[in-house]
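Structure assessment
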Amino acid sequence: MPQRPYIVGNWKMHGTRAMLSEARAIDRAAQRHMKVEVAIAPPYTLIHPVHREAEQIAVGAQDCHHEEGGAHTGDISATMVADAGAKFVILGHSERRQNHGESDALIKQKTNAALAAGLRIILCCGESEKTREAGKAVNFVKKQLKASLPDFGDDTDLISEKLTVAYEPIWAIGTGKTATVDDIAEMHAEIRTLLVSLYGEEQGGEVRILYGGSVKPENASEILGTPEVGGALVGGASLTADSFMGIALAAGDAEEG
Ligand code: PGA
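Described below are features of the structure shown in this document. The numbers attached to residues start from 1 for each chain and follow its sequence in the written order. Reporting of local features is limited, given that this is a predicted model, to residues whose pLDDT is at least 70; pairs of side-chain atoms are given and counted only at 80 or more, and all residues count toward the totals for whole chains, interfaces and linings. Excluded from the side-chain calculations are hydrogens and water; all other atoms, namely the structure's heavy atoms, are used.

**Quick notes on the packing of aromatic side chains**
- In summary, the pairing rule links any two rings of Phe, Tyr or Trp, Trp by its six-membered ring, whose centres are within 6.5 Å, and it sorts them by plane angle into stacked for under 30 degrees, edge-to-face for over 60 and tilted for everything else. For the structure on display, the rule yields two aromatic pairs.
- For the ring pair F152 and Y199, a centre distance of 5.4 Å and an interplane angle of 90° mean the geometry is edge-to-face. One end of the pair, F152, is in the loop between helix 7 (137-148) and helix 8 (159-162); the other, Y199, is in helix 9 (residues 181-204), and 47 residues separate them in sequence.
- Any Lys NZ or Arg CZ that is within 6 Å of a ring centre and within 35 degrees of that ring's normal is treated as a charge sitting over the ring. The ring of Y6 carries R208 above its face, with NZ or CZ at 4.3 Å from the centroid. Each helix is a run of DSSP H or I of at least 4 residues and each strand a run of E of at least 2, with the numbering of both proceeding from the N terminus.

Quick look at the structure:
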């Protein structure tokens, strides 16, 4: 059965407790739009407060360490974010890859740690502007994704529940630029083919592939109506309930249309 559209807010390094009212407003609005699955990934410090208050939306983390515990000052493990109430974790975001030098191999370890902690994964991939201009975007993204995916082993039953992929062209993040519908459709189709080849039609065919990069209420309908786009990973426009739920509404409409 096809899954509901998935609209995920990535709050990045935004949000003190004053933002809890926004999370509450998102949660209340999500209760009125059950055709769409809505979730937010606030900073670590707000995971538990949001979890305590939310009735409808899932809360997630924006990263986790690849080990379960140990002498890693300042780091947080998958088990810890799960304990705080996180149901999912975003991994491999380009800001982590760039600002913290995260490699595909490290991200793979993190995805495995997340699975072991019972977290669902949103695995990000995406090319730079230079790679796109060189005509190498598709190959780059497929290679990046393949190298960062977790090892599901024999436990293949629920892959489409556990894994979501987010395609986020780096040059579209926070810039107001979005990829063309044709480019999004092409990349999502390639990612789908890869997922089906790895996990079979039943699971690989159902993994949701989100688009991310300057998604806002004004462009959401067009993007979410594109073939193989199963939702959106939203940064800037997820920081207020108004704009974020504008995107969720567009997702509901795209689903009906
Ligand atoms: P943006 O961020 O919506 O602000 O472009 C998206 C993301 O980084 O996930």
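Read on, since the account is not over.
**Focus on the environment of K216**
- Note that K216 resides in the loop between strand 7 (208-212) and helix 10 (217-224).
- Only protein chains enter the accessibility calculation, which uses a 1.4 Å probe; a residue is then buried when its area is under 20% of its type maximum, exposed when over 50%, and partly exposed in between. With a relative accessible area of 29%, K216 lands in the partly exposed category.
- Placed 132 residues apart in sequence, K216 and A84 show a C-alpha to C-alpha distance of 29 Å.
- Once you skip the residues sitting within four places of it in the chain, K216 turns out to touch G176, A237 and I247. For this analysis, residues touch if any pair of their heavy atoms sits within 4.5 Å.

**As for the nonpolar core**
- The term nonpolar core refers to a set of buried residues drawn from Ala, Val, Leu, Ile, Met, Phe, Trp, Tyr and Cys, joined through side-chain atoms within 4.5 Å. Among the nonpolar cores identified, the biggest contains 67 residues, and I7, L163 and I191 are the most heavily contacted of them.
- With residues up to four places along the chain from it excluded, the contact list for I191 reads C125, V141, L145, V165, Y167 and I209.
- Counting residues in each nonpolar core, the second largest holds 11 residues, with Y6, A41, F88 and A166 among its members.

**Examining the packing of helix 5 (residues 104-116) against helix 7**
- With axes taken as lines fitted to C-alpha atoms, and helix axes fitted only over the stretch in contact, angles between N-to-C directions fall between 0 and 180 degrees. With their axes 7 Å apart at the nearest point, helix 5 and helix 7 run at an angle of 45° to one another. On the basis of the axis angle, helix 5 is oblique to helix 7. The segment helix 5 lies against helix 7, with D104, I107, K108 and T111 engaging K143, Q144, K146, A147 and S148.
- Throughout, the ten residues Ala, Val, Leu, Ile, Met, Phe, Trp, Tyr, Cys and Pro are labelled nonpolar, Asp, Glu, Lys and Arg are labelled charged, and all others, Gly among them, are labelled polar. In terms of residue class, the contact of helix 5 with helix 7 is built from two nonpolar, three polar and four charged. For this classification, under 35 degrees means roughly parallel, over 145 means roughly antiparallel, 65 to 115 means roughly perpendicular, and everything else is oblique.

**A closer look at the packing of helix 1 (residues 20-31) against helix 2 (residues 44-53)**
- The interhelical angle for the contact between helix 1 and helix 2, taken along N-to-C directions, is 40°, at an axis separation of 10 Å. Classified by the angle between their axes, helix 1 and helix 2 sit oblique to one another. For the crossing formed where helix 1 meets helix 2, the hand is right-handed. Contacts from L20, A23, R24 and D27 of helix 1 reach helix 2 at L46, P49, V50 and E53. Here a crossing is called left-handed whenever its near helix is offset anticlockwise from the far helix by less than a right angle, and right-handed whenever the offset is clockwise.

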